[in-house]
Amino acid sequence: MWLPQLPLLLLVQSLLPLLLERPAFAEASGGAGGQLRRIRLQDHCTAGICTGIDIGRNDYVIISPTAITMQSMLTFINSSIAKIPHLMFDTFPDLQMLRMENCSLDTFEKPQFEGASNLMSLFLGNNRLKEIPKNIFLGADNLATLHLNHNLIRALHNHSFHPLKELKELSLAYNQLEQLPLGVFGLLRKLLDLNLAGNRLSVLPRGIFDKNLNLTRLSLASNRFTVFESELLKLQPRLSLLDISGNILNELTLNFSLLEQVLAHSCDLRRLTVYGIIRDLDLHNNSLRELPHIPLASNVTGLDLSLNPLGNLPGNPLRRYTALLRLNLSATNMHELAEDLFKKQSQLQVLDISANSLYSLKITIFDSLKALQYFYFQQNNWNCDFLQLLMSSFVKKRDISFMEDITAPELVDDYVDGIACWYESDKTSKRCDGSNSEAALELSIVRNEIKAFTELVEKKFVRVYRMLEEMKARL
Ligand SMILES: *[C@@H]1O[C@H](CO)[C@@H](O)[C@H](O)[C@H]1NC(C)=O
Ligand SMILES: *[C@@H]1O[C@H](CO)[C@@H](O)[C@H](O)[C@H]1NC(C)=O
Ligand SMILES: *[C@@H]1O[C@H](CO)[C@@H](O)[C@H](O)[C@H]1NC(C)=O
Ligand SMILES: *[C@@H]1O[C@H](CO)[C@@H](O)[C@H](O)[C@H]1NC(C)=O
Ligand SMILES: *[C@@H]1O[C@H](CO)[C@@H](O)[C@H](O)[C@H]1NC(C)=O
Ligand SMILES: *[C@@H]1O[C@H](CO)[C@@H](O)[C@H](O)[C@H]1NC(C)=O
Ligand SMILES: *[C@@H]1O[C@H](CO)[C@@H](O)[C@H](O)[C@H]1NC(C)=O
Ligand SMILES: *[C@@H]1O[C@H](CO)[C@@H](O)[C@H](O)[C@H]1NC(C)=O
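Quick look at the structure, then.

Thresholds, definitions, all that
Residues numbered from 1 in each chain as written. Chains lettered and ligands numbered in written order. Predicted model: local features only at pLDDT ≥ 70, side-chain atom pairs only at ≥ 80, totals over all residues. Heavy atoms only, no water. Helix = DSSP H or I, 4+ residues; strand = E, 2+ residues; numbered from the N terminus. Buried < 20%, exposed > 50% of the residue type's maximum accessible area, 1.4 Å probe, protein only. Contact = heavy atoms within 4.5 Å. Areas by Shrake-Rupley, 256 points an atom, 1.4 Å probe, with all protein chains shown as cover. Near = heavy atom within 4 Å. Polar contact = N/O pair within 3.5 Å; in protein donor to acceptor, adjacent residues only side chain to side chain. Nonpolar A, V, L, I, M, F, W, Y, C, P; charged D, E, K, R; others polar. Phe/Tyr/Trp six-rings, centres within 6.5 Å; stacked < 30°, edge-to-face > 60°. Lys NZ or Arg CZ within 6 Å of the ring centre and 35° of its normal. Core = buried A, V, L, I, M, F, W, Y, C linked by side-chain atoms within 4.5 Å. Pairing = 2+ DSSP bridges.

## A word on the overall build of the chain
No. 1: Within the chain one finds 5 helices and 24 strands.
No. 2: Counting across all 475 residues of the chain, residues that qualify as buried make up 46%.
No. 3: Long-range pairs, those at least 24 residues apart, make up 50% of the contacts in the chain with a sequence separation of at least 6.
No. 4: Of the roughly 23,300 Å² that the chain leaves accessible, carbon and sulfur atoms contribute 52%.

## Here's the deal with the site of ligand 4
No. 1: Taken together, the neighbourhood of ligand 4 is formed by R189, K190, N214 and R238.
No. 2: In the environment of ligand 4, an oxygen atom lies 2.3 Å from a nitrogen or oxygen atom belonging to the side chain of N214.
No. 3: Protein chains shield 39% of the accessible area of ligand 4, which is 360 Å² for the free molecule.
No. 4: Of the residues assigned to the shell around ligand 4, the class counts are no nonpolar, 1 polar and 3 charged.

## Details of the site of ligand 8
No. 1: Taken together, the neighbourhood of ligand 8 is formed by S306, L307, N328, V350, D352 and Y376.
No. 2: At a separation of 2.3 Å, an oxygen atom of ligand 8 approaches a polar side-chain atom of N328.
No. 3: D352 is positioned with one of its side-chain polar atoms (N or O) 2.7 Å from a nitrogen atom of ligand 8.
No. 4: For ligand 8, whose accessible area on its own is 360 Å², the fraction buried by protein is 53%.
No. 5: Split into classes, the residues belonging to the shell around ligand 8 amount to 3 nonpolar, 2 polar and 1 charged.

## Quick look at the environment of E178
No. 1: For E178, the location among the structural elements is in the loop between β13 (169-171) and β14 (193-195).
No. 2: Separated by 24 residues in sequence, E178 and S202 place their C-alpha atoms 7.2 Å apart.
No. 3: Those residues in contact with E178 that sit more than four places away from it in its chain are R154, R200, L201 and S202.

## Concerning the environment of V274
No. 1: Position of V274 relative to the elements: it lies in strand β18 (residues 271-282).
No. 2: V274 gets classed as buried once you look at its relative accessible area, which sits at 0%.
No. 3: Along the backbone, V274 and T253 are 21 residues apart, and their C-alpha atoms lie at a distance of 5.8 Å.

## Describing the side chain of T107
No. 1: Within the secondary structure, T107 is located in the loop between β8 (97-99) and β9 (121-123).
No. 2: Those residues in contact with T107 that sit more than four places away from it in its chain are R57, A82, K83, Q112 and L129.

## Some remarks on the packing of aromatic side chains
No. 1: Summed over all chains, the structure comprises 13 aromatic pairs.
No. 2: With 6.0 Å between their ring centres and 35° between their planes, F377 and F402 make a pair best called tilted. Pair noted here: F377 is in the loop between β22 (374-376) and α4 (384-395) and F402 is in the loop between α4 and β23 (414-416), with a separation of 25 residues, a long-range link.
No. 3: Through a chain of ring-to-ring contacts, three or more aromatic side chains come together here, namely F366, F375, F377, W382, F386, F394 and F402.
No. 4: Cation over ring: R99 sits above F123, and NZ or CZ is 4.0 Å from the ring centre.

## Some remarks on the nonpolar core
No. 1: The biggest cluster of nonpolar side chains holds 119 residues, and the ones touching the most others in it are F76, F161, F185, L254, F342 and F375.
No. 2: Elements represented by at least two residues in this core include exactly β6 (73-77), α3 (88-91), β17 (251-263), β18, α4 and β24 (419-421).

## Focus on α4
No. 1: Of all the positions in α4, only C384, D385, F386, L387, L390, M391, F394 and V395 are classed as buried.
No. 2: In this fold, the buried residues of α4 make contact with β22, β23 and β24.
No. 3: Its side-chain oxygen 3.1 Å from the backbone nitrogen of D385, N383 forms the N-cap of α4.

## So, the pairing of β18
No. 1: The buried fraction of β18 is high, at 9 of 12 residues.
No. 2: Across 3 bridges, β18 lies against strand β19 (residues 302-304) in parallel orientation. From the neighbouring strand, D282 faces β19, where its bridge partner is D304.

Take a look at the structure:
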C-alpha cells in the first residue's frame, strides 16, 4: 500500500470552501462549463505509478480533501492530463519527483507550483506545452531538474524560469524555439547541464550564459546555427561537454582551455581548428578532407573521423596524436595506407578502418600498435592472402577482437574468419607483402562499380516485377 487508507474522497462540506476559495475555477473552465471531477488517485496508483488517468482542459479536479504525506515520487503513464491538477502539491506536500511525460499536457495554470517546495525533479517531456509563462515555477524553489523536452514551446520569457535558483539541469530539447531572450537563464546560477538541442536557433544573444558560471554540459545540436563562437562560453571554466552536431557550420574554430568531449558530427565541416585541450572529438559525417588542425593534438584521446572524405591520409598526419586511445577511420575513402601512419599510436586501444577500399597493407604498419584491443577492418576489399596473414600474424596472435562482415558483399571469393576477401586475378603476383599494385586498385574499383550496377539492376527489376504484378491484377 502506498497510501494510507483515506476517508471518502469528496465530502460536500469540503467542496464548498474549495469552490469559494478558487474563483479561478470558472475561468479555468473557459466559461464553457468545465466539469468538476473527483479523482481518487489511490484507485489509479500503486507504488507511485499512476495509470489511466484522464483530465481534460476544463476539468476541475480535486484529488483529495486532505493532504497525502510521505509520497515522494509520482509517475503518470498511459494517462491524458491536459494540465497538472490544482492543489497537486498541497495534496502531496512531500513530493520530490513528478514524472508526467507523454500525458498530452498542454497548459500551465497559475499558480501551479504553490506548495512545491520539496519538488526536486520535474519531468514534463513529450507533451504539448506551447509556452512557459513568466514566474510559473513560483513555489518550486528547490527544483534541481526540469525536463521540458519534446514539447511545442516556441518562445520563452526573461522570467520563464524565475525563481529556480537551485536548478542544475534544464532540458528544452526538441521544441520550436527560434530565439532566446537575453535574461532567460540569468537567475540559474547553479545550472550545470543545459540541453537546447533540436530547436530552430540560429543565434544566441551575446552574454546569454554570463550568469551560468558553473555550466558543465551544453547541447546546441540540431539547430540552425551557421557559426559558433567560443566567446559565448569564455566565462565557463568547468565546461566539459559541448555538442554542436547537426548544424551547418562548414568552418569551425574552437577555443577552450579544456573540454572533455566535443561532438560536432553531421555539420558539413570542411575545416576545423581547435585551440586548447580537447580529449574526445566526434567529427563523424562531415566533409573533412584533412585532419583537424589541433596544436595540442597530443592531448586528444578519442577521435572519430568516420564518414569523412579523407582519402589516403598522406604526409603522416597522425604523428602528433600520441595519446590516442580510440580512432575511427571507418568509411573515409581510404585505398591504401602509408606504412608509418600509426607509428605514434602506441597507446591506441580501438581502431576502426572498416568500410574503406583497402586491399592490402604492409604488415609492419601494425608493429607500433602495442595496446590495440579492438580492431575493426571488415567491409574492405581485402586480398585473401593478405587477410590470412593479418589474422595469423597480428589479430589472432595478439587476441584482438574484430567484427565479421555481416552483409555478404556481392562477388565474394572467400571468407577468412568471417571477413570477405578476393583473390588476385593475376596468380603470379600473389604476394603478401602489401605491394599495392595499380591492378589491384583498379580491380577493387571495378568491383565496386559492378556492385553498384547490380544493385541498380536489382532495384529496377523489382520495379518491373511489381508493374507486371499490378497489370496481372488488373486483368
Ligand atoms: C500502457 O499502455 C501500453 C499500450 O497500450 C500497455 O502495453 C502497457 O502495459 C500499459 N502500462 C501500464 C502500466 O498500464
Ligand atoms: C514517451 O513517448 C516517446 C515517444 O513515443 C518515447 O520515446 C518515450 O520513451 C516515452 N517516455 C516515457 C517516459 O514514457
Ligand atoms: C531581459 O533580461 C535582460 C538581462 O537581464 C535585460 O537586459 C532585458 O532588458 C530584459 N528584457 C525584458 C523584456 O525584460
Ligand atoms: C560552482 O561550483 C562550485 C563547486 O561545486 C561551488 O563551490 C560554487 O558555489 C558554484 N557556484 C555557483 C554560483 O553555484
Ligand atoms: C583563445 O581564447 C583566449 C582567451 O579567451 C584568447 O586570449 C586567445 O587569443 C584565443 N586564441 C585564439 C587563437 O583565438
Ligand atoms: C549526416 O549528416 C547529414 C546532415 O549533414 C544528415 O542528414 C545525415 O542523417 C547524417 N548521417 C549520419 C549517418 O549521421
Ligand atoms: C597535454 O599533453 C602534454 C604532452 O603530452 C602533457 O604534458 C600534459 O600534461 C597534457 N595536459 C593535460 C591537461 O592532460
Ligand atoms: C566508427 O564509425 C562508424 C560510422 O560512424 C560507426 O558505425 C562505428 O560503430 C564506429 N566504430 C567504433 C569502434 O566505434
